[in-house]
Amino acid sequence: AVLSHAALFLGCLSCICLVLAHRNNRWIQPLPAKRMTAFIVEEVRSGFAAVPLIIVVNLAFNMAYNAMNNAFPSQACQMNTMLGGSQLNGAFFTLADAI
């Protein structure tokens, strides 16, 4: 239980740090003239500006998806899943995830 709480704390802390670091990307400096690339600094800043949205959307989707994957097979144990005289396992219904 202690490791689970530590992992939750560190995961939340890392997400918060990433979101806060990329809300304002002025800390990204242009390269020196001798190391110039095809990208300008504004393109790099705008690319990293998407990081907070990606993290928030990913967390929201995965929390709902994992809750579904835990609750639905448990509920399937209470359902009448008889098919052709035999009962289907509750995990059978997770096959639709591959579609």
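This is a predicted model, so every value here is computed, not measured. (Residues numbered from 1 in each chain as written. Predicted model: local features only at pLDDT ≥ 70, side-chain atom pairs only at ≥ 80, totals over all residues. Heavy atoms only, no water.)

Draft legend 1. How the structure looks around the packing of helix H1 (residues 2-23) against helix H3 (residues 51-76). The contact between H1 and H3 brings their axes to 8 Å, and the two run at 150 degrees. Relative to H3, H1 is oriented roughly antiparallel. Contacts between H1 and H3 involve Cys15, Leu18, Val19, His22 and Arg23 from the first element and Val51, Pro52, Ile55 and Leu59 from the second. Of the residues in the contact of H1 with H3, the class split is seven nonpolar, one polar and one charged. (Axes fitted to C-alpha atoms, helices over the stretch in contact; angles between N-to-C directions. Helix = DSSP H or I, 4+ residues; strand = E, 2+ residues; numbered from the N terminus. Parallel < 35°, antiparallel > 145°, perpendicular 65-115°, else oblique. Contact = heavy atoms within 4.5 Å. Nonpolar A, V, L, I, M, F, W, Y, C, P; charged D, E, K, R; others polar.)

Draft legend 2. Region of interest: the side chain of histidine 22. By the secondary structure assignment, histidine 22 is in helix H1. If we ignore the near neighbours within four places in the chain, the residues touching histidine 22 are Trp27, Phe48, Ala49, Val51 and Pro52.

Draft legend 3. Fine view of the pattern of salt bridges. Tallied over the full model, the rule gives two salt bridges. Here glutamate 42 makes a salt bridge to arginine 26, at a shortest N to O gap of 3.6 Å. Highlighted residues: glutamate 42 in helix H2 (residues 41-48) and arginine 26 in the loop between H1 and H2, separated in sequence by 16 residues. Note on glutamate 42: relative accessible area 42%, which makes it partly exposed. Its salt-bridge partner being glutamate 42, residue arginine 45 comes within 3.0 Å of it at the nearest N-O pair. With arginine 45 and glutamate 42 both in helix H2 and three residues apart, the pair spans about one turn of that helix. Under the relative-accessibility criterion, arginine 45 is labelled buried at 12%. (Salt bridge = Lys/Arg side-chain N within 4 Å of Asp/Glu carboxyl O. Buried < 20%, exposed > 50% of the residue type's maximum accessible area, 1.4 Å probe, protein only.)

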